[in-house]
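Chain by chain, the residues run as shown.
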Amino acid sequence: MKKIKLGLIGCGKQAGKHINSINKLDVVDVYIADIKTGAAQLLAEKSNVSWVGNPDDIFSDHDIRAVLVCTPTPSHKEIIQKALKAGKDVFCEKPLCTDLIEALELKEAEDRTGKSVLVGYVYRYVPIFEEGFRLMNDFQENYGSLVLGKPLSAYFRLGGRGSHQVWKHRKDQGGGAINEMLVHMIDLANWYFGPFKDVEVLSNTIKCKERLIQGRMESVDTEDFVMVRLYNGMGIEIFCQADLITPAFTQYVEIQCENGTFMGSIQQEMPSFIYMKQGRGGYDTGRTNLKFGQRNVLDIQMTYFVQKMLKDQKPDRNRIEETVDLIKIIEEIRSQRRR
């Protein structure tokens, strides 16, 4: 079978991770490019893929079916527009773009060209969260309700210690707990329960104004703790909390429903289970531990993108319109007074 060609633009840290996933797929050859030609050549030799001398060569190559965008955020809009105009599907690392106006312009370009843009919010590909989504949305005709019943409240949590890079704590460089952490949990919550009708900021603050980063004490100026409360059209109360102060990476989702509880985490050491008041949908009464094993979520995400591209199908998750909803929420959070 002849392999398809896929182009990748931007040769930073994320590019290498995506190339590792692509190289596991027998149906794809990847060609990479960067405005710094040396960076593309170096990564290509390290990853055993091809490289081109100019990013524009990616757009002009009619055999390249899709483009992966792994450049800094301010450049995303122009690159995506060029790719769509050239008739190529697009995978873009999060965030999609810098603001809502750009997102709406990209949605118009996608509609106009008929191609698809998929945004890399990776938590939607975690098997435990896919199961949680099914349980929140899969109506069981035999029981006249969802497996877990009507959701009552939900808590989405993501925390890390930060202090890896100075830019992650600088406002003018796009750092902070909102951009780095909260967007992932709001995106997951939006997938489960959106669209949201109301957003309330409960906390948005800097708890550590100085940080030891790479051996130097640095003054920082962007939020490291944020908590918001969201309401959807059904009146479900959803809390999303993210921070850069947790000593060790911590992530989980806890949802209380009329017929039980869903608890899920990307971490193998954290408990993931379903507790049912009344057995339904293949789950017994009581607690059922959920084990999906250790899997590379980036591999799952890239396989999903390639399969959709090969079948010429529109993605059913991480679409631009969902990112538009996400950006609206983030802009509303930023507009509310810090507490």
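Nothing here was measured: the structure is a model prediction, and the numbers come from that model.

## Points about the layout of surface pockets
By volume, the second largest pocket is sized at about 270 Å³. What lines the second largest pocket is a set of 16 residues, among which V126, S265, I266, Q268 and G293 lie closest to the centre. When the residues that make up the lining of the second largest pocket are grouped by side-chain class, the tally is 8 nonpolar, 6 polar and 2 charged.

## Section: the environment of L104
Topologically, L104 is positioned in helix α5 (residues 100–113). Linking L104 and G162, residues 58 residues apart in sequence, is a C-alpha distance of 32 Å.

## Structural notes on the pattern of salt bridges
Once their charged atoms are close, side chains differing in charge can pair, the charge on each being opposite to the other. Evaluation of the coordinates by the stated rule reveals 23 salt bridges. Here E131 makes a salt bridge to R134, at a shortest N to O gap of 2.9 Å. Taken together, the residues span about one helical turn, with E131 and R134 both in helix α6 (residues 127–137) at a distance of 3 residues. R229 is the partner of E237 in a salt bridge, and the nearest nitrogen-oxygen pair spans 3.2 Å. Take R229: its relative accessible area is 19%, and that puts it in the buried class. Linked by salt bridges that have partners in common, K107, E110, D111, R124, D187, R319, E321 and E322 make up one network.

## Structural notes on the nonpolar core
Counting residues in hydrophobic clusters, the biggest one holds 102 residues, and the most contacted among them are L96, F156, Y192, F193, I238, F262 and I333. With 12 residues, the single largest contributor to this core is helix α7 (residues 177–193).

## Some remarks on the packing of aromatic side chains
Tallying each qualifying case throughout the model produces 11 aromatic pairs. Ring centres of Y123 and F129 lie 6.3 Å apart, and the angle between their planes is 40°; this geometry places the pair in the tilted category. Of the aromatic side chains, those joined through ring pairs into one cluster are F133, F156, W191, Y192 and F193. Above the face of the Y31 ring, K5 is positioned so that its terminal group lies 4.5 Å from the ring centre. Sitting above the plane of the Y304 ring, R317 keeps its charged end 5.1 Å from the centroid.

## A look at the side chain of H169
Structurally, the position occupied by H169 is in the loop between β9 (151–159) and α7. Of the polar contacts made by the side chain of H169, one reaches the backbone nitrogen of S163; its length is 2.9 Å. Excluding its chain neighbours within four sequence positions, the residues that come into contact with H169 are G162, S163, G175, R211, I213, V220, D221, T222 and L244.

## Focus on the environment of S50
Looking at the secondary structure, you find S50 in strand β3 (residues 50–51). We classify S50 as partly exposed; its relative accessible area is 32%. Taking the C-alpha atoms as reference points, S50 and S335, separated by 285 residues in sequence, lie 45 Å from one another.

## Points about unusual backbone geometry
For the peptide bond that leads from K94 to P95, omega is -5°, which places it in the cis range. For P95, the position within the fold is in the loop between β5 (89–93) and α5. Of the consecutive residues G194 and P195, the connecting peptide bond is found in the cis state with omega at 0°. By the secondary structure assignment, P195 is in the loop between α7 and β10 (196–205).

## Observations regarding the sheet that holds strand β16 (residues 260–264)
Taking strand neighbours across the sheet as the criterion, the 8 strands line up as β10-β13-β14-β9-β15-β16-β17-β18 in an open arrangement whose pairing is mixed. Edge strands, defined here as strands with exactly one partner in the open sheet, are β10 and β18 (286–289). For this sheet the average axis-to-axis angle between neighbouring strands, irrespective of direction, equals 10°. When β10 meets strand β13 (residues 225–232), the two strands line up antiparallel, connected through 8 bridges.

## Looking at the packing of α6 against α7
Pairs of packed helices are described in terms of their axes, by the angle between the two and the distance that separates them. Look at α6 against α7: their axes get within 9 Å of each other, and the N-to-C directions meet at 35°. Between α6 and α7, the contacting residues are F129, E130, G132, F133, M136 and N137 on the first element and L188, W191, Y192 and F193 on the second. Residue classes in the contact of α6 with α7 are distributed as 7 nonpolar, 2 polar and 1 charged.

## Overview of α5
Here α5 contains 14 residues, and its C-alpha end-to-end distance of 20 Å stays within 8% of the 20 Å for a straight helix at 1.5 Å per residue. Three or more residues of α5 are buried, namely L100, E102, A103, L106, A109 and E110. Summarising the contacts, the buried residues of α5 are in contact with α4 (76–85), β6 (117–120) and α9 (320–335). Where α5 begins, the side chain of D99 points an oxygen toward the backbone nitrogen of I101, at a separation of 3.2 Å. Positive backbone phi, at 80°, marks G114, one or two positions downstream of α5.

Cut-offs applied
- Residues numbered from 1 in each chain as written.
- Predicted model: local features only at pLDDT ≥ 70, side-chain atom pairs only at ≥ 80, totals over all residues.
- Heavy atoms only, no water.
- 1 Å grid on protein atoms, 1.4 Å probe; cavity = no way out; pocket = protein on both sides within 12 Å on 5 of 7 lines; lining within 4 Å.
- Points joined across faces, edges and corners; volume = space filled by probe spheres on them.
- Nonpolar A, V, L, I, M, F, W, Y, C, P; charged D, E, K, R; others polar.
- Helix = DSSP H or I, 4+ residues; strand = E, 2+ residues; numbered from the N terminus.
- Salt bridge = Lys/Arg side-chain N within 4 Å of Asp/Glu carboxyl O.
- Buried < 20%, exposed > 50% of the residue type's maximum accessible area, 1.4 Å probe, protein only.
- Core = buried A, V, L, I, M, F, W, Y, C linked by side-chain atoms within 4.5 Å.
- Phe/Tyr/Trp six-rings, centres within 6.5 Å; stacked < 30°, edge-to-face > 60°.
- Lys NZ or Arg CZ within 6 Å of the ring centre and 35° of its normal.
- Polar contact = N/O pair within 3.5 Å; in protein donor to acceptor, adjacent residues only side chain to side chain.
- Contact = heavy atoms within 4.5 Å.
- Pairing = 2+ DSSP bridges.
- Axes fitted to C-alpha atoms, helices over the stretch in contact; angles between N-to-C directions.
- Expected span 1.5 Å × (residues − 1).

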